[in-house]
Amino acid sequence: MEIFKISGQNALTGDVTLHGAKNSALPILCAAILIKGTCTIHNCPDLRDVRTTIKILESLGCKVNRHGDTVTVNSAEITDSQIDENVMRTMRSSILFLGSLVSRMGCASIYLPGGCDIGTRPVDMHIHALKSLGAVIRENGSSITCCADKLTGAKIILPFASVGATENIMIAAAISKGRTTIVNPAREPEICDLAEFLNKCGARIYGAGESTVEIEGVESLHPCEHRIIPDRILASTYMSACAITGGEITIHDVRPTHLAPVFPVFNEMGCRLYLDRDKLRMDAPKRLKRVKMIKTMPFPAFPTDSQSPVTAALTVAKGTSVIKENIFENRFRFVNQLNRFGSDVTVDEQMAVINGVKSLHGADVYATDLRGGAALVVAGLAAQGETIVRAIHHIDRGYARLEENLKALGADIKRIKDEEVTEKENNEGKPNICP
Ligand code: UD1
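If you're wondering where the values come from, they're calculated on a predicted model, not measured in any experiment. (Residues numbered from 1 in each chain as written. Predicted model: local features only at pLDDT ≥ 70, side-chain atom pairs only at ≥ 80, totals over all residues. Heavy atoms only, no water.)

Novice: I would appreciate a short explanation of the state of the cysteines in the present structure.
Specialist: In a disulfide, the sulfur atoms of two cysteines are covalently bonded to one another. Applying the stated criterion across every chain yields a total of one disulfide. With a sulfur-sulfur separation of 1.8 Å, C107 is cross-linked through a disulfide to C147. Because the sign of the S-S torsion sets the handedness, a value of about 105° for the bond joining C107 and C147 places this disulfide among the right-handed ones. On the criterion of sequence distance, the pair formed by C107 in strand β6 (residues 107-111) and C147 in strand β8 (residues 143-147) is long-range, its members being 40 residues apart. Residue class for C107 comes out partly exposed when judged on its relative accessible area of 28%. (Disulfide = S-S within 2.5 Å. Helix = DSSP H or I, 4+ residues; strand = E, 2+ residues; numbered from the N terminus. Buried < 20%, exposed > 50% of the residue type's maximum accessible area, 1.4 Å probe, protein only.)

Below, the structure written as structure tokens:
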């Protein structure tokens, strides 16, 4: 077991470059199964969820190689259409293999992702969509088998703009008979990135990022080369770390339109932001200002994944901030841990009220989930004294070498092996399935 040890109160300064977006890399790797050849994917972050996805691809017969941040996936031969239960249970996004495998192999067998500490997170929309495309689905306890001779286009109305369901439909319908229409699709930048990848391979997907997506099914796809978009959630994590430490940093390889929903929040906190094409320079005031109200919603509104690090930053703002979480019901679970730093955050159902305190003190905490874990690191960077963050395997799922990048910005943070793993970590920091 590894932990982060942080000695807080260093203002972050300097330059940092974003790595590729986890939430783009995962669906694009899943989609690579559709292509009988070798796809080359650049800017593919080397983080735990990507490694798990690569393991799944290899278990299905794909040949995968990584050179630096470039990954090649050769799916010429797929030898299996079942995903191991244990791997499936560690990562919810493996549900995306259902669409790609049924399209490529005619049948797919997967286990349902289990419960998650940030909400119940059902997969009903995925199942309903695949059925609409003509797949026959059999559920057997916690496993699902999905079969179709040939998927056929359909009109699918999503009751909620689910990112994963939109991706699954785009992947499954890319090679199909006829036209598929998704009404109320998710519009996240990662959806557009997946559509761009598939279109480079010969798919005909129109309207990604808009309120209706049309997919003209094609007979087959061909290999392509693609560069994954930079990780906007990583950007908002660095921004939160800069804000809470009163720092001054420049983030490279940002896509301003992807970050547009978070800029007003940092402005309201009193941070100054300067954009120069793909460079974002920011400086933070000595004391942050409160933010009246943040509501998480699907893109183009404030992202739920940025909520946790921003909550951490607001703990030391002057005044009271309010955050309403509208996507995942348990996304404030990390707040119990956060308050160990001396913050004053109360949660009532989906609403957090953050009464800003003057300063935080170091704490011994455990990550409850990926983004909640990152929030604890953000708090530790500003806290007086030493902080230990445990169960950091959650953080490693979505951040590649977070501690090295923060260290390069002047933070005092180390990854160390914890010889004495406490009972608490064993019991409470157990792996779960989170976004
Ligand atoms: C993706 C992201 C995650 C992000 C989330 C919302 C990946 C790998 N993960 O997760 O980081 O926080 O989008 O931006 O890209 N829902 C159902 N039934 C379904 C599917 C979803 O009820 O069949 C619900 C979920 O429980 C949740 C909401 O819809 O309350 C949004 O989920 P969704 O957009 O599907 O998130 P993910 O794709 O799992």
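Novice: Where do I start with the side chain of N43 in this structure?
Specialist: By the element assignment, N43 lies in the loop between β3 (38-42) and α2 (48-59). Owing to a relative accessible area of 5%, N43 belongs among the buried residues under this scheme. At 2.9 Å, the side chain of N43 and the backbone oxygen of I228 are in polar contact. (Polar contact = N/O pair within 3.5 Å; in protein donor to acceptor, adjacent residues only side chain to side chain.)

Novice: Explain the environment of G380 here, please?
Specialist: Inspection of the secondary structure puts G380 in helix α13 (residues 370-382). Residue classification places G380 among the buried residues on the basis of a relative accessible area of 0%. As for G380 and T79, which are separated by 301 residues in sequence, their C-alpha atoms are 47 Å apart. Contacts of G380, omitting those with residues within four sequence positions, involve I6, G8, F341 and T387. (Contact = heavy atoms within 4.5 Å.)

Novice: What is the right way to look at the pattern of salt bridges in this model?
Specialist: Once their charged atoms are close, side chains differing in charge can pair, the charge on each being opposite to the other. Across all of its chains, the model carries 19 salt bridges by this definition. Among the ionic pairs, E404 bridges to R401, the shortest N-O distance being 4.0 Å. Exposure remark for R401: the relative accessible area of 43% places this residue in the partly exposed category. Each of E2, D396, E403, R415 and K417 takes part in salt bridges that share partners, so that together they form one network. (Salt bridge = Lys/Arg side-chain N within 4 Å of Asp/Glu carboxyl O.)

Novice: Could you clarify how one ought to interpret helix α8 (residues 232-245) in this entry?
Specialist: Three- or four-residue spacings in an α-helix give side chains the same orientation, since the helix completes a turn every 3.6 residues. Its 14 residues place the ends of α8 20 Å apart at the C-alpha level, agreeing with the 20 Å of an ideal helix rising 1.5 Å per residue. Taking burial as the measure, the 14 residues of α8 include 14 buried ones, the bulk of the element. G246 sits one or two residues past α8 and shows a positive phi near 65°. (Expected span 1.5 Å × (residues − 1).)

Novice: I tried to follow unusual backbone geometry on my own but got confused; where do I start?
Specialist: Apart from glycine, the bulk of residues carry a negative phi angle, and the bulk of peptide bonds sit in the trans form. Looking along the chain, the bond that leaves F299 and enters P300 is cis, with omega of 15°. Within the secondary structure, P300 sits in the loop between β17 (294-295) and α11 (304-314). A positive phi angle is found at R277, which is not glycine, with a value near 50°. Looking at the secondary structure, you find R277 in the loop between β15 (272-276) and β16 (279-283). With a phi angle near 55°, E349 is a residue other than glycine that sits in the positive phi range. Relative to the helices and strands, E349 is located in the loop between β19 (344-348) and β20 (351-355). In this structure E349 comes out as exposed when scored by relative accessible area, which is 69%.

Novice: Would you take a moment to explain the packing of aromatic side chains for this structure?
Specialist: Aromatic rings in a pair are described by how distant their centres are and how their planes are angled relative to each other. This structure, assessed with the given rule, holds zero aromatic pairs. Across the ring face of Y274, the terminal group of R281 is positioned such that the distance to the ring centre comes to 4.2 Å. (Phe/Tyr/Trp six-rings, centres within 6.5 Å; stacked < 30°, edge-to-face > 60°. Lys NZ or Arg CZ within 6 Å of the ring centre and 35° of its normal.)

Novice: Before we go on, may I ask you to explain the sheet that holds β15 in this structure?
Specialist: An order of β2-β14-β16-β15 is seen for the four strands of this open sheet, with the pairing classed as mixed. Sheet topology places β2 (13-17) and β15 at the edges, where each strand pairs with a single neighbour. Pairs of neighbouring strands in the sheet enclose a mean axial angle of 15°, with direction left out of account. Inspection of the sheet shows β2 paired to strand β14 (residues 248-252) by five bridges, in the parallel sense. Residue pairing for β14: G14 is matched across the bridge by I249. With respect to the sheet, α8 is in contact with β2, β14, β15 and β16, its orientation differing from that of β14 by roughly 170°. (Pairing = 2+ DSSP bridges. Axes fitted to C-alpha atoms, helices over the stretch in contact; angles between N-to-C directions.)

Interpretation in functional terms is not warranted from these geometric data alone.
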